[in-house]
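Each chain is listed here by its residues.
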Amino acid sequence: MRVGERARAHASFPWWQPDFAGGERAALAHLASYFAGDRAQRYKATRNGLCGIDFSSKFAPWLAQGALSARVAFAALRRHEAARGTNESTYWLWFELLWRDYFRFLHLQHGRRLYRACGLNEAAPASGHDPEAFERWCAGRTGHAFIDAAMRELAATGWLSNRMRQVVASYLIHDLGCDWRAGAAWFEAQLVDYDVYSNHGNWLYIAGRGTDPRGGRRFDPDRQAAIHDPDGAYQALWACVD
Ligand SMILES: Cc1cc2nc3c(=O)[nH]c(=O)nc-3n(C[C@H](O)[C@H](O)[C@H](O)COP(=O)(O)OP(=O)(O)OC[C@H]3O[C@@H](n4cnc5c(N)ncnc54)[C@H](O)[C@@H]3O)c2cc1C
């Protein structure tokens, strides 16, 4: 898979040592290793992390490739709970897998309507699309250090934490006023765990053009940086990458 290859090419990423080898054998080895430790027991507290391997399950690349099924992951979670106990974290991991299913069912129900600029919300988008702003966003050159760090991480590794996916998607839609579908297409071209249902569903959700009655989600990038990168370590890590 691309993420390991791309990251290994950068000697300056010593923390990034995933073994995202393809195939079912590697997927099952990763699953066993994940549940052998206590990572699932701490998932709720760590899941908003930005750097490293352990803060989330990293099941997604194998799920996206079809090397791991959600049922197999769920069965392993249930066995882990039987052995180690159930808590908020193990519940939350299951809940996240339900989001994955939800976006599949959303596509079954609405199909092509999800791909219109207005999505399921009949109101036309308020603004057009700014191609230059979009190019700067893709290249990690918006001028906002937190956003740029994430876009550079994405381009260098094919990976981005869920938190940063939300923050950069919100920035493109709500701060730069770009077409959310362009962002979804850029993620499609970059993500090592690209999955059409989860990708498009999450973009719709942040754009406020899916089924959520509360409308779109805007994440204030300054506030997000203060909460999730208070010492600027994440921004410093990716600042040097072109
Ligand atoms: C704009 C945007 C685009 C995204 N694009 C993709 C994509 O192309 N492919 C993809 O697999 N996920 C996508 N996600 C969802 C989520 O970011 C990733 O599934 C998650 O970060 C993968 O890391 P993990 O396996 O360590 O997840 P964990 O946090 O460990 O979660 C376990 C599993 O639950 C599922 N899951 C978790 N969060 C979500 C979610 N928000 N939506 C749907 N399923 C979820 C995934 O299958 C994940 O592997 C996207 C999220 C956003 C905000």
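Predicted, not measured: the structure shown is a model, and the values here were computed from it.

Calculation rules
- Residues numbered from 1 in each chain as written.
- Predicted model: local features only at pLDDT ≥ 70, side-chain atom pairs only at ≥ 80, totals over all residues.
- Heavy atoms only, no water.
- Helix = DSSP H or I, 4+ residues; strand = E, 2+ residues; numbered from the N terminus.
- Buried < 20%, exposed > 50% of the residue type's maximum accessible area, 1.4 Å probe, protein only.
- Lys, Arg positive; Asp, Glu negative; His and termini not counted.
- Salt bridge = Lys/Arg side-chain N within 4 Å of Asp/Glu carboxyl O.
- Contact = heavy atoms within 4.5 Å.
- Domains from an automatic or database assignment.
- Buried area = accessible area lost by both parts, 1.4 Å probe.

**Student:** Please clarify how the side chain of Arg-100 should be interpreted in this entry.
**Tutor:** Topologically, Arg-100 is positioned in helix H6 (residues 88-110). Buried and without a salt bridge, Arg-100 has Asp-101 as its closest oppositely charged side chain, separated by 4.3 Å. Those residues in contact with Arg-100 that sit more than four places away from it in its chain are Leu-63, Ala-70 and Ser-198.

**Student:** What's the story with the domain arrangement of the protein chain in this structure? I'm lost.
**Tutor:** Interfaces are often sized by the accessible area lost when the parts come together. Partitioning the protein chain into domains gives domain 1 (2-113) and domain 2 (125-239). Centre-to-centre, using C-alpha coordinates, domain 1 lies 21 Å away from domain 2. Taken together, the 27 residues of domain 1 in the interface contact 32 residues of domain 2. Both sides together, the interface formed by domain 1 and domain 2 hides about 2400 Å², and carbon and sulfur atoms give 64% of it. Remark: the boundary between domain 1 and domain 2 carries one salt bridge.

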